[in-house]
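Here are the chains, one letter per residue:
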Amino acid sequence: MNENNISSAENNKKTEKENRFYTIKLLAVTVMAFVAALLFRRSMGIVAMIPISLIICAATALLDIGYITRTAIVGITVFTLNSIENKNMEIAIVYSALCILTTLLASYSVYKIKANKRIGITIASASGLLCIVLSLNLIGNPFSAMAAKDVITPYTDANYPVNENAALGVFEFSAVYYDYTLDAYCVDAKSNKYPTEPSPISVNDDVLYDSFYYLMESKISQIYESDLSAVLRENLPEARFEVTFDGFVTMPGDAILSAESGALYNNVRYDIFISGIQTGEAMLEAVKEMVNVIDASGIGYAQLTFKSGIGLWTRRCVTVTPYHPAGRFDPSMTFVPVLNTNEFSEYLRYTLLNN
């Protein structure tokens, strides 16, 4: 064997060895990116807020496979895992962008350290601080998240206790996460009866707002609203009216949303708008007739608020509670502002808290 053949064989062995090392490093970066992506998802809650994933992304810069290749692997992996579990692509983009930035800055820092150690360490320190600040502002502060969790958990335990026979099913709550658009820490709540309609329970400066409650309240109220309408329509087919849910009357500690089906008739407030009423006397007669029908049916209620009229600013109003002798109801009429309803108050509250 001549020298050329020996040299060629050695070069081939060296190339094969380099290729094996490159493959191993490529596989290592892929595994590191996958681990970082698993930990860096909104569903991981407080774990995602601890900069473990960013440290892993930065550590990939120690494996020399080319900064473009490693950055692409990290970015694609983090984006893929986040986009699978989030319909909102903005979340996946934010999480993957932060990992991409961390990987690029770490790659540049390693390059500068090799050229000038002091300058490189300075750049690495500044880059690390920048990534942590961005993470705190976009992903959340783990200490603030734990404080928010301490507020949310007792609230959900009290208002959504487990009841397998509940009309709304069993409630499920996500891990706590930070929503930078609201500057609030949240958990997503959902019912297994309505799994595609989650809604957040959020905490901002120790103030808790539960949008899920109002969503579920509207769901559970539908059967009561429908039943009262059916009673009136069956017995008064010529009457013109509209029944709407106006809220539940509760005692401290009552878990309305965990109630069994049909258990809340005596807790419901209704608004009933009567059409075609021209005078106050006609209004009172219509109310008497309707109340007698409702009482005779045995359907429970906490309060009935009858309204009529087309005035621009006021409506005729008769408020009825169940505490009156059967068949001997003597209503009295008042006038109320058009916008003086619980529904409008709740709308204002929701609008102010979300703007």
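If you're wondering where the values come from, they're calculated on a predicted model, not measured in any experiment.

Caption draft 1: Region of the structure containing the overall build of the protein. The helix and strand inventory of the protein stands at 10 helices and 10 strands. Scored against the burial criterion, the 355 residues of the protein give a buried share of 38%. Counting contacts in the protein only where the partners sit at least 6 residues apart, residues at least 24 apart contribute 60% of the total. Carbon and sulfur atoms make up 58% of the accessible area of the protein, which amounts to about 20100 Å² in all.

Caption draft 2: Here's a closer look at the layout of surface pockets. Approximately 760 Å³ is the volume found for the largest pocket. Among the elements of the structure, helix H4 (67–85), helix H5 (89–115), strand E1 (171–173), strand E2 (177–179), strand E3 (184–191) and strand E4 (194–204) are those that each provide at least two residues to the lining of the largest pocket. Looking at which element gives the most residues to the lining of the largest pocket, the answer is E4, with 5 residues. Its residues placed into classes, the lining of the largest pocket shows 9 nonpolar, 7 polar and 8 charged.

Caption draft 3: Quick peek at the packing of aromatic side chains. For the coordinates displayed, the defined rule picks out 13 aromatic pairs. Here the aromatic rings of Tyr160 and Phe212 are separated by 5.7 Å at their centres, their planes lie at 45°, and the arrangement is tilted. Here the residue Tyr160 occupies a position in the loop between helix H7 (142–159) and E1, and Phe212 occupies one in helix H8 (residues 211–235), the gap between them amounting to 52 residues. Look at Tyr160 and you get buried, because its relative accessible area is 4%. A network of ring pairs unites the aromatic residues Tyr155, Tyr160, Phe171, Phe173 and Phe212 as a single cluster. Above the plane of the ring of Phe241 lies Arg233, whose end atom (NZ or CZ) is 4.3 Å from the centre.

Caption draft 4: Representation of the side chain of Asn82. Within the secondary structure, Asn82 sits in helix H4. Asn82 sits in the buried class, given a relative accessible area of 0%. Within polar-contact distance, the side chain of Asn82 engages the backbone oxygen of Phe40 at 3.1 Å. What Asn82 contacts, discounting residues up to four positions off in sequence, is Phe40, Arg41, Arg42, Ala92 and Tyr95.

Caption draft 5: Spotlight on the pattern of salt bridges. Applying the stated criterion to the full structure yields 5 salt bridges. The salt bridge involving Glu197 is made with Lys219; its shortest N-O contact spans 3.1 Å. A residue pair is termed long-range when its members are at least 10 positions apart, and Glu197 in strand E4 and Lys219 in helix H8 qualify at 22 residues. A residue is classified by how much of its surface remains accessible, and Glu197, at 27% relative accessible area, is partly exposed. Its salt-bridge partner being Glu285, residue Lys288 comes within 4.0 Å of it at the nearest N-O pair.

Caption draft 6: Structural detail: unusual backbone geometry. Backbone geometry places Asp183, a non-glycine residue, at a positive phi of 55°. For Asp183, the location among the structural elements is in the loop between E2 and E3.

Caption draft 7: Local environment of the packing of H8 against helix H9 (residues 280–297). The geometry of H8 relative to H9 is characterised by a closest axis approach of 10 Å and an angle of 115° between their N-to-C directions. As judged from the angle between their axes, H8 and H9 are roughly perpendicular. Crossing of H8 against H9: the hand is right-handed. Contacts between H8 and H9 involve Leu228, Val231, Leu232 and Asn235 from the first element and Met290, Val293, Ile294 and Ser297 from the second. Here the residues of the contact of H8 with H9 are counted per class, giving 6 nonpolar, 2 polar and no charged.

Caption draft 8: Spotlight on a nonpolar patch on the surface. A cluster of nonpolar residues, Leu27, Val31 and Val35, forms a patch on the protein surface that exposes about 250 Å² of accessible area. The residue Val31 is located in helix H1 (residues 3–39) in this model.

Rules of the game
Residues numbered from 1 in each chain as written. Predicted model: local features only at pLDDT ≥ 70, side-chain atom pairs only at ≥ 80, totals over all residues. Heavy atoms only, no water. Helix = DSSP H or I, 4+ residues; strand = E, 2+ residues; numbered from the N terminus. Buried < 20%, exposed > 50% of the residue type's maximum accessible area, 1.4 Å probe, protein only. Contact = heavy atoms within 4.5 Å. Areas by Shrake-Rupley, 256 points an atom, 1.4 Å probe, with all protein chains shown as cover. 1 Å grid on protein atoms, 1.4 Å probe; cavity = no way out; pocket = protein on both sides within 12 Å on 5 of 7 lines; lining within 4 Å. Points joined across faces, edges and corners; volume = space filled by probe spheres on them. Nonpolar A, V, L, I, M, F, W, Y, C, P; charged D, E, K, R; others polar. Phe/Tyr/Trp six-rings, centres within 6.5 Å; stacked < 30°, edge-to-face > 60°. Lys NZ or Arg CZ within 6 Å of the ring centre and 35° of its normal. Polar contact = N/O pair within 3.5 Å; in protein donor to acceptor, adjacent residues only side chain to side chain. Salt bridge = Lys/Arg side-chain N within 4 Å of Asp/Glu carboxyl O. Axes fitted to C-alpha atoms, helices over the stretch in contact; angles between N-to-C directions. Parallel < 35°, antiparallel > 145°, perpendicular 65-115°, else oblique. Left-handed = near helix turned anticlockwise from the far one by under 90°. Patch = residues over 30% accessible without salt bridge, like charges linked within 9 Å, V, L, I, M, F, W, Y side chains within 5 Å.

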